[in-house]
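Examining the three-dimensional arrangement
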Amino acid sequence: MRAPSPLSRRAFLGTLTLGGLAATALPGGVASAAAPARPSRNWHPVADDVRSELRHAWQSYRRYAWGHDQLLPVSGGYSEFFDKNHPVGLSIVEALGTLYLMGLDDELADGIGWIRDNLDFAGVNADVQVFETNIRMVGGLLSGYLATGEKTLLDNAKKIADVLLPCFTTSPTGMPYRLVNPHTGKISGNVNVLAEIGTIIAEFGTLSRLVHDDRYYNAAKKALKAVYDRRSPLDLVGSGLNIETGAWTDTSSRVDPPVDSFFEYLWDGWDLFRDRDLKHWYDTLTAAILRNEKEQYGGHLWFHKADMATGASLGRETSELTAFYAGLLGQSGHLRDGEAYFDAWTSALKTYPLLPEGYDYGTGMATDKGNQLRPEYVDSAFNLWLITGKEVYRERAYDYYLTQKRYSRVANGWTIVADVTTTPPKLGDLTSGYWWSENMKYWYLMFSDCPRFNYRDNYLSTEGDVFKGFIRH
């Protein structure tokens with residue numbers, strides 16, 4: 001990522017309450033790009049409020065769910081993510097980097113202490129996804145280690161990566177099997193999707209650097225190459241593969257899940273490790289996407305699904321997770337398209353106060369009405385702000401923060417929304433693990449001038465984990 005030129009501080013006009021910022025928002029969620037510029041503001045009260053909200057949720061996690069994977073803030077309970085009988089402190093692991101950046105050092109020390117004394121991922125006796133385990137557990141532990149230098153975090157990251165590595169090395173193609181049981185070592189899942197095949201190299205490459213063992217990086221790169229080598233004559237890739245035979249099981253090409261972060265990690269492999277192969281693969285596949293899947297519809301730039309062999313359109317239904325692509329386009333030299341795509345997602349907020357999980361831009365209707373506290377819209381705002389320095393991205397991120405707070409904040413933290421189409425939106429009962437690592441980190445970094453973060457030279461993973469850019473205090 002690239003940071004903008006130093007930005008002047010501005011006077012903050014938001015309404016304050018005794019509990020922090022008022023949880024109110026403009027009708028329709030966020031301001032449009034054409035809205036008049038707001039008077040200048042000081043963003044630091046917003047950063048203070050974000051920090052206060054995370055600390056409030058952490059205290060509830062300590063009270064109701066300590067050591068368990070996820071907080072249920074409405075009922076005051078907990079749930080496990082990997083194995084219902086064996087918690088691994090997922091929320092603690094995901095929160096490490098954010099706690100460090102926010103200067104919540106006592107909370108950070110408590111989390112590291114729990115990991116040192118209790119984390120036993122090998123005790124998980126259930127099939128776990130290689131993808132989720134890598135981006136959440138390996139990534140969170142590595143980020144925590146880079147922030148603090150606590151060796152127990154690096155040791156645990158390596159132990160977990162060693163559980164995952166045979167899924168790559170025993171595969172005939174080098175693409176990983178989808179599932180592994182950490183307790184038994186049993187590997188399964190010979191059909192896998194591109195995001196799960198290819199969202200590995202940032203974590204495995206960082207681990208290789210830290211432990212001086214290239215096996216992790218090489219395994220992740222081989223998996224990416226195996227997909228790239230199976231692209232169509234149009235330079236499009238599909239969505240799923242049999243990792244033993246190498247045959248496509250889903251020939252629909254898309255930026256949406258289950259492909260999304262595959263493209264992100266091709267670019268990130270270049271960004272982090274300066275691997276020219278990865279940049280070439282990214283550039284080739286991105287050019288094909290822009291030729292075959294980009295379209296103007298309803299006055300906005302969107303990306304449809306396409307047949308990988310012919311380029312024929314397969315529909316306009318998309319996912320909120322795809323909002324990340326605006327920031328990736330900006331990072332990788334396609335700034336005009338990135339900004340236009342971000343505008344498209346902002347237009348959806350004229351209909352819904354929060355972005356729904358699924359959205360058909362052809363009809364303008366939600367196809368999945370939930371909101372799982374997703375970070376992708378704010379992720380793109382953060383990246384586009386770093387690249388351009390434009391205040392519109394902080395304005396939009398701020399408005400979305402107020403709206404999310406208005407509808408998701410409950411007595412014990414923040415929760416997912418079950419239905420964004422009702423008034424008020426219907427609540428669920430879960431603080432997703434990634435909320436600790438992503439949403440609150442992006443907001444805080446945008447508003448805080450954080451002294452523990454290098455705004456000019458940094459890297460954040462698909463899970464919001466910082467692998468470059470921590471400043472040790």
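Quick caveat: nothing in here was measured; it's all calculated off a predicted structure.

1. Comments concerning the overall build of the protein chain
Summing up its helical and strand segments, the protein chain has 17 helices and 24 strands in all. Here the C-alpha radius of gyration of the protein chain, 21 Å, is about what a compact globule of 473 residues would show, namely 23 Å. Considering the protein chain as a whole, with its 473 residues, one finds that 63% of them fall into the buried category. Nonlocal contacts in the protein chain, meaning residues at least 24 apart in sequence, comprise 69% of its contacts between residues at least 6 apart. Within the protein chain, the 57 negative side-chain charges are centred at a point lying 4 Å from the centre of the 48 positive side-chain charges.

2. Let's talk about unusual backbone geometry
A cis amide bond links P257 to the next residue, P258, at an omega of 10°. Looking along the chain, the bond that leaves T423 and enters P424 is cis, with omega of -5°. Examined against the element boundaries, P424 turns out to sit in the loop between β21 (417-419) and β22 (426-427). A positive phi angle, near 60°, is found at H212, a position not held by glycine. With respect to the element layout, H212 can be found in the loop between α8 (201-211) and α9 (215-228). Taking relative accessible area as the criterion, H212 reaches 74% and is therefore assigned exposed. Residues other than glycine seldom take positive phi values, yet L373 does so here, at roughly 55°. Considering the arrangement of structural elements, one finds L373 in the loop between β18 (365-368) and α14 (376-388).

3. Describing the side chain of E264
Looking at the secondary structure, you find E264 in helix α10 (residues 261-273). Comment: no salt bridge for buried E264; closest opposite-charge side chain is R374, at 12 Å. Apart from the residues within four sequence positions on either side, E264 is in contact with F324, L328, S461 and T462.

4. What about the pairing of β18?
Examined bridge by bridge, strand β17 (residues 358-360) and β18 share three bridges and lie antiparallel to one another. Looking at β18, one finds that D360 is bridged to M365. Linking two consecutive strands that pair antiparallel, namely β17 and β18, is a turn of four residues; a positive phi of about 75° is found at G364 within it.

5. Focus on the sheet that holds strand β14 (residues 305-307)
What holds strands together in a sheet is hydrogen bonding between their backbones, with the strands either parallel or antiparallel. Read from one edge to the other, the open sheet built from three strands follows the order β11-β14-β15, with strand pairing classed as antiparallel. Lying at the two open borders of the sheet, with one neighbouring strand each, are β11 (252-253) and β15 (313-315). Two strands pair when backbone bridges link them, and β14 and β15 are joined in this way by two bridges, in the antiparallel orientation. Its bridge partner being in β15, K305 is matched across the sheet by G315.

6. A word on the pairing of strand β13 (residues 300-303)
In the sheet, strand β12 (residues 294-297) pairs with β13 via four bridges, with the strands oriented antiparallel. Across the sheet, Q296 pairs through a bridge with L301, a residue of β13. In textbook terms, the turn of a hairpin is the stretch between consecutive antiparallel strands, and for β12 and β13 this stretch comprises two residues, one of which, G298, has a positive phi near 60°.

7. A look at the confidence of the model for the protein chain
With 92% of its residues at a pLDDT of 70 or more, the protein chain has an overall mean of 93. A low-confidence stretch, residues 1-39 stays under pLDDT 50, and its non-local contacts, those more than four residues away or across chains, total 98 contacts.

8. Regarding the pattern of salt bridges
The final tally for this structure, using the stated rule, is 28 salt bridges. For R178, the salt bridge goes to E196, with nearest N and O atoms at 3.0 Å. On the criterion of sequence distance, the pair formed by R178 in the loop between α6 (166-169) and β6 (179-180) and E196 in helix α7 (residues 194-198) is long-range, its members being 18 residues apart. Overlapping salt bridges bring together D49, E53, K405 and R409 as one network.

9. Concerning helix α17 (residues 439-448)
Of all ten residues in α17, ten are buried, a share of seventy percent or more. Turning to α17, its buried residues number three or more, namely N439, M440, K441, Y442, W443, Y444, L445, M446, F447 and S448. Positioned one or two residues after α17, D449 has a phi angle of 50°, which is positive.

10. Notes on the environment of V191
By secondary structure assignment, the location of V191 is in strand β8 (residues 191-193). We classify V191 as partly exposed; its relative accessible area is 41%. Apart from the residues within four sequence positions on either side, V191 is in contact with R178, L241, N242 and T249.

What counts, and at which threshold
- Throughout this document, residue positions are counted from 1 along each chain, in the order its sequence is written.
- At least 70 in pLDDT is required for a residue's local features to be given in this predicted model, at least 80 for side-chain atom pairs to be given and counted, and no such filter applies to totals for whole chains, interfaces and linings, which use all residues.
- Water and hydrogen atoms were dropped before computing side-chain values, which therefore reflect all heavy atoms in the structure.
- Here a helix means four or more residues in a row that DSSP labels H or I, a strand means two or more in a row labelled E, and each is numbered from the N terminus.
- For the radius of gyration, the atoms used are the C-alpha atoms, and the globule rule reads 2.2 Å times the number of residues raised to 0.38.
- Each residue is placed in one exposure class: buried if its accessible area under a 1.4 Å probe, protein chains only, is under 20% of its type's maximum, exposed if it is over 50%, and partly exposed if it falls in between.
- Throughout, a contact is declared for two residues whenever any of their heavy atoms are within 4.5 Å.
- Positive charges come from Lys and Arg, negative ones from Asp and Glu, while His and the chain ends are left out of the count.
- Note that the charge is assigned to NZ on lysines, CZ on arginines, CG on aspartates and CD on glutamates.
- The term salt bridge refers to a side-chain nitrogen of Lys or Arg lying within 4 Å of a carboxyl oxygen of Asp or Glu.
- Whether two strands pair comes down to DSSP finding at least two bridges between them.
- Residue-level confidence of the predictor, termed pLDDT, takes values from 0 up to 100.

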